Every structure is written in C-alpha cells, then in structure tokens.
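# Breakdown of the fold
Take a look at the letters that make up each chain.
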Amino acid sequence: MKIAKTICSQTLLLWFLVLTLPSFADTAGTVTQVAMLGTGTPNPFPERSGPGVAIVVNDEAYLVDFGAGVVRRAASLSPEYGGEIPGLAVEKLNHAFLTHLHSDHSVGLPDLLLTSWVAGRDRPLRLFGPEGTASMAKNIIAAYEEDIRYRLYSDQPANNQGWRIDTSEVTQTGVIFKDNNVTVEAFRVPHGSWPDAWGYRFTTPDKVIVISGDTAPSERLLEYAKGADILIHEVYSLEGFQKKEPRWQKYHAGNHTSTHELGALAVKARPKLLVLYHQLLWGSSHETLLREVREIYDGEVVSARDLDVY
C-alpha cells in the first residue's frame, strides 16, 4: 500500500513538472535589456540625445521618455542599422511612458509617432503619461494632419493605424499597465512645482528596473527602488553646483538630486546596479559624479552614456 502511494505521489510530481516546466523555461530564457537611448538634459550637447530609456523584453520595447533624437538612437541599436537588439527596430516601438511634460523629455513624441508609422508600425502607439499627455498627443496629430492625410491618400503605401495614439493618463500611484512581458507601476515624484511628475517601476520575468524621471530626493521613490536590479536615477554634480548662481542653486536643489543625496538613497535602497542619467555636470565630469556618489555609497554604480546597454 505504501509503495502504491509512493508511486502515485511520484507520478503526480512528474506530471506537475511536465505541465509547469515550459513556463519555468520561458522565464529562465528571458533576458531583459535596458538601453540608454538618451542621457541628456535641456542643454543641446551633440553627443547626448534627450532623455530616453528602452526596456526590451522578448523583442518588445517599452520606452520611458522620448527626448530629441530618440528614434535614431533606437534605430542605431537595431539589426537593420548594425545593432543587436531586434526589439528596437523602429517599426516595433509600440509602448511609451512619459515621466512629466518638460519639453526635453517629450519633444521627440512626433518623431516617435510618425517615423515609426512611416517605417511600418501598423498599430496605435500606446502612450502613458501625466495629466496633459492626451492634449499633447491630440495636438501633435492636429499639427501633422496634412502629412498624415497625404501619406494615407497619395500613392505612398501607408496603413491607417500606426499614426494613431492610444493615450492613458496616469492619475494615481500603482499598476498602470501589464502584459506578458512587464508589469509597470507608476509613483509620484517631487519635481519642483510640477503638479504631476512620475517615476516608473518595471517588473519583468528576470529583472526589476526603476526609473526616476526628474526628481528631488523622494521617499516614495526609495520605497519602490528597494532591492531593484537596476535603479536609473537623475543626478547633479556637487562640484558643478558650487559654480551656479544662487538663483539656479535654489532651483536645482528643489528639482533635482545631488550626488550625495543619491548616494544616501542608494545606501537604503541597495540596488544591484545604480545607473546615473540626465547628468547635470556643469563643467565637471562623469568621473567626478562617480567619485561624489562613492563618497556615500559603496555599491556598483555607473554613469551612463548614450547607447549603453545593461
């Protein structure tokens, strides 16, 4: 009787493994990539495109912010233009998340919408962002109405979906999007007098990635960043800060996060990798940023350049 029960238990265990092994294998085979499409600021540095981060899972890209040059940066990492990330093919840029409405983070939206459509995207762009995002999207389509009409009704082949935008405005902290690749949570961050600025936490089958957007030090961000695999956070140099006029010092202290403040946050959050972006250098260097952060934090930290991939 005991032998029969043992055989039965082993059989049930075997069937359980057979039924669940594919899902385990799918998860184990997932490799999430994080591509820095732009690390820039409002200053037009030629070597730094506007802010933009792509999280790529199973050849599907999820963009956070879309500053100037974002589409061409994505293209440069796609196989068509010599890169190695198929999910960044321009026609596959289907999902976008906006942290706030500052122009350096959003000025690339017409490019993201229309260039991807012309390249072959055949479904509406899924766009998430703060209050005002829907109005921005509507007015961009209105501004390019003649271009859209011509491409649709001239001899040029064009589909009637890829120019459209499916917009969802983020109004409260929590899960805002979920599919087979990612769960996306939004959380408010303090960015000066902006009433509506957000950070995002992406949970994929193999990674947790948190992106700050523009923010002063934030306890809510710390809550969402604890134990993350990758924390991508804006920063300014203390050395450079000392060179600014008092009026600008007051502004930046209330809108952004210093290297020492970020180091203190990272001590509590302990991400596996801290990535600096949207770096306000003001005459200092990436090496200075790293030295200043490491005066407080002893974990792994890098200062990102455009087209870095993690």
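Above: the structure in question.
Scope of this entry: the structure provided in the associated data block. As the structure is a prediction and not an experimental result, all values here were calculated from the model. (Residues numbered from 1 in each chain as written. Predicted model: local features only at pLDDT ≥ 70, side-chain atom pairs only at ≥ 80, totals over all residues. Heavy atoms only, no water.)

### A word on the sheet that holds strand 9 (residues 198-203)
Rules: Here, strands pair whenever DSSP counts at least two bridges between them. Helix and strand labels come from DSSP, where a helix needs a run of H or I of at least four residues and a strand needs a run of E of at least two; each type is numbered from the N terminus. To get an axis, a line is fitted to the C-alpha atoms, and for a helix only the part in contact is used. The angle between two axes follows their N-to-C directions and goes from 0 to 180 degrees.
Taken together, seven strands build an open sheet; the order of strands is 7-8-9-10-11-12-13 and the sheet is mixed. Of all the strands in the sheet, just strand 7 (174-178) and strand 13 (301-303) have a single pairing partner and so form its edges. On average, each strand axis in the sheet is tilted by 25 degrees relative to the strand beside it, whichever way the strands run. Relative to strand 8 (residues 183-188), strand 7 is paired through four bridges, and the arrangement is antiparallel. In the strand pairing of strand 8, Gly174 is matched with Ala186.

### Concerning the packing of helix 4 (residues 109-119) against helix 6 (residues 145-153)
As a reminder, the rule being used: Any angle between 65 and 115 degrees counts as roughly perpendicular, while under 35 counts as roughly parallel, over 145 as roughly antiparallel, and the rest as oblique. Contacts are assigned to residue pairs that have any heavy atoms within 4.5 Å of one another.
Their axes nearest at 12 Å, the elements helix 4 and helix 6 cross at an angle of 10 degrees. On the basis of the axis angle, helix 4 is roughly parallel to helix 6. Mapping the contact onto sequence places Leu114, Trp117 and Val118 in helix 4 and Ile148, Arg151 and Leu152 in helix 6.

### Some remarks on helix 5 (residues 133-143)
This is how the line gets drawn: Only protein chains enter the accessibility calculation, which uses a 1.4 Å probe; a residue is then buried when its area is under 20% of its type maximum, exposed when over 50%, and partly exposed in between. Directions from the helix axis toward the C-beta atoms define the arc.
Those residues of helix 5 not exposed but buried are Thr133, Ala137 and Ile140. Projected down its long axis, helix 5 shows its buried positions confined to an angular sector of 65 degrees, all on one face. Turned more than 90 degrees away from the buried face of helix 5, the exposed residues are Lys138 and Ala143. Tucked into the core, helix 5 has its buried residues touching helix 4, strand 5 (125-129) and strand 6 (165-169).

Any functional reading would require information that these geometric values do not contain.
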